[in-house]
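Overview (structure and organization)
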Amino acid sequence: MLAVRARSLFDGVCPDRVDRPLILIDGGRIVAVRSGGEPPAHATVADLGDATLLPGFVDTHVHLAFDASDDVVGRLRRADDEELLERMRTAGRAALAAGVTTVRDLGDRGYLALRLREETEKDPAAGPRILAAGPPITTQGGHCWFLGGVAEGVEGVRAAVRERAARGVDVVKVMVTGGDLTAGSDPYRPQYGAAELRAAVREAHRHELPITAHAHAATGIADAVAAGFDSVEHCFFLTDADGGVDYDRRVVDEMVRAGVVASLTLGALPGGPPPPPHIARRRAGLVAGLATMRQAGVTMACGSDAGVFPAKPHGGFPYSVTAMVEMGFTPLEALRAATSTAARLCGVAGHKGCIAPGYDADLVALAGDPFTDVEAVHAVTAVFRAGERVG
């Protein structure tokens, strides 16, 4: 048995923290959480001193196959599968070192994330628990077509979903609109019609799989919500107008009614070049729109989109947490979005995202108190996955 001690604990849900927590772990699971007291005589003790314990972070949106270089697409296309898999292993270890014990990989090539999923299931130190989508479903020449997930028409989309179900994916990802990473695709325009989107949703749900939509733009978000997607990635309601943001309250209200989750991908490394003026002019609209979603009651989880650009490296998830606070969320809301809410979106809320008896012993220790200074999420002093100290 392992006994973990620290100064305080946030369980992922309750705003009241536990003082002087003592967590007892056996067989990779939490068996007890106490305030104070002494560990059993036979337990191995890990005393983390003046640290705050949180559930291991759950990153709802990563791309382990992307290397966050200035030539993400070119480097991926030039790599063979073994080289790419080795890069993915490195990316996973970087995420784990930052306190991320579960990731949802929303776009790989050749289902390599499923191979890595098997490796990290056997060895907690090899990387986080992986929930994999495989190649995202997209159109010919559409966003991320180079990952191999091209499917056209209603029957083509249904067949693509069936293939992923047969492969054993954890979630289905559809590129509802284009994206900035892919030359020639348009992030402001839908890639699929309503019939194709509905077919994808029905087929995924027939196989008891959740389905999520890539959509930055307001039009794509509206289409995904109308089709019955379970969640929307990015979900920033952008328009192609200069500085354009259009949070359609009717769509927001429908998200609340239908339980559609927004998987936000805020955050980037500081110190890089400033954003272009047309991007910078969107900030006020994004802040106001996110406030609208919060007030309406939309469930929002925290993802990083790690790997897609140099400013979004693997291991940079804490910047996504701090960005939520910078955009108007409270530290409690941001930390929930990165733990219990993210676990609920990913379908693992029964054993991830919370520090409680029966849950997996995935923990992150921070030097400092993220409730008084959210920057403490960058100061990771220890990481446990499945009861094993891995960082």
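This report concerns the structure included in the present document. (Residues numbered from 1 in each chain as written. Predicted model: local features only at pLDDT ≥ 70, side-chain atom pairs only at ≥ 80, totals over all residues. Heavy atoms only, no water.)

**A word on the packing of helix α7 (residues 249-258) against helix α9 (residues 283-296)**
Spelled out, the test is: The angle between two axes is taken between their N-to-C directions and runs from 0 to 180 degrees, where each axis is a line fitted to C-alpha atoms and a helix contributes only its stretch in contact. In this text, helices come from DSSP runs of H or I with a minimum length of four residues, and strands from runs of E with a minimum of two, each type numbered from the N-terminal end. Just so you know how the angles are binned, under 35 degrees is roughly parallel, over 145 roughly antiparallel, 65 to 115 roughly perpendicular, and the rest oblique. Crossings are classed by handedness, with left-handed meaning an anticlockwise turn of the near helix from the far one by less than a right angle and right-handed meaning a clockwise turn. Whether two residues are in contact is decided by their heavy atoms, any of which lying within 4.5 Å being enough. Residue type decides the class: Asp, Glu, Lys and Arg count as charged, Ala, Val, Leu, Ile, Met, Phe, Trp, Tyr, Cys and Pro as nonpolar, and the leftover types, Gly among them, as polar.
Contact pair α7 / α9: the axes reach a minimum separation of 10 Å and the direction vectors enclose 40 degrees. Considering the angle they form, α7 stands oblique to α9. For the crossing formed where α7 meets α9, the hand is right-handed. Where α7 approaches α9, its residues Arg249, Val252, Asp253, Met255 and Val256 are matched on the opposing element by Thr292, Met293 and Ala296. Class assignment of the residues belonging to the contact of α7 with α9 gives a composition of five nonpolar, one polar and two charged.

**Section: the pattern of salt bridges**
To keep things clear, this is the line we draw: One speaks of a salt bridge when a side-chain nitrogen belonging to Lys or Arg is within 4 Å of a carboxyl oxygen belonging to Asp or Glu. Exposure categories follow from relative accessible area, calculated using a 1.4 Å probe and restricted to protein chains: below 20% of the type maximum is buried, above 50% is exposed, and the middle band is partly exposed.
For the coordinates displayed, the defined rule picks out 24 salt bridges. A salt bridge links Asp50 to Arg7; the nearest nitrogen and oxygen atoms lie 2.5 Å apart. Remark: Arg7 occurs in the loop between β1 (2-5) and β2 (8-9) and Asp50 occurs in the loop between β6 (44-47) and β7 (51-55); sequence separation between them is 43 residues. The class for Arg7 is partly exposed, based on a relative accessible area of 31%. Residue Arg294 is joined to Glu333 by a salt bridge in which the shortest nitrogen-to-oxygen separation is 2.9 Å. Of this pair, Arg294 sits in helix α9 while Glu333 sits in helix α11 (residues 331-337), placing them 39 residues apart in sequence. The exposure class assigned to Arg294 is partly exposed, which follows from its relative accessible area of 30%.

**Some remarks on the environment of Val232**
In this structure, Val232 sits in strand β13 (residues 231-238). Those residues in contact with Val232, other than ones at most four positions away along the chain, are Thr212, Ala213, Ala215, Ile221, Ala224, Val225, Val260, Val261, Ala262 and Ser263.

**Comments concerning the state of the cysteines**
What counts, and what does not: The term disulfide is used for any two cysteine sulfur atoms that are within 2.5 Å.
Enumeration over the complete set of coordinates arrives at zero disulfides. With no disulfide of its own, Cys302 lies closest to Cys346 among cysteine sulfurs, the gap being 11 Å.

**Some thoughts on the sheet that holds β2**
What counts, and what does not: When DSSP locates at least two bridges between a pair of strands, those strands are taken to pair.
One open sheet holds the six strands; their spatial order is β3-β2-β7-β16-β17-β18, and the pairing between them is mixed. Each having just a single partner strand, β3 (18-19) and β18 (388-389) make up the two edges of the open sheet. Examined bridge by bridge, β2 and β3 share two bridges and lie antiparallel to one another. Bridge assignment links Leu9 to a residue of β3, and that residue is Val18.

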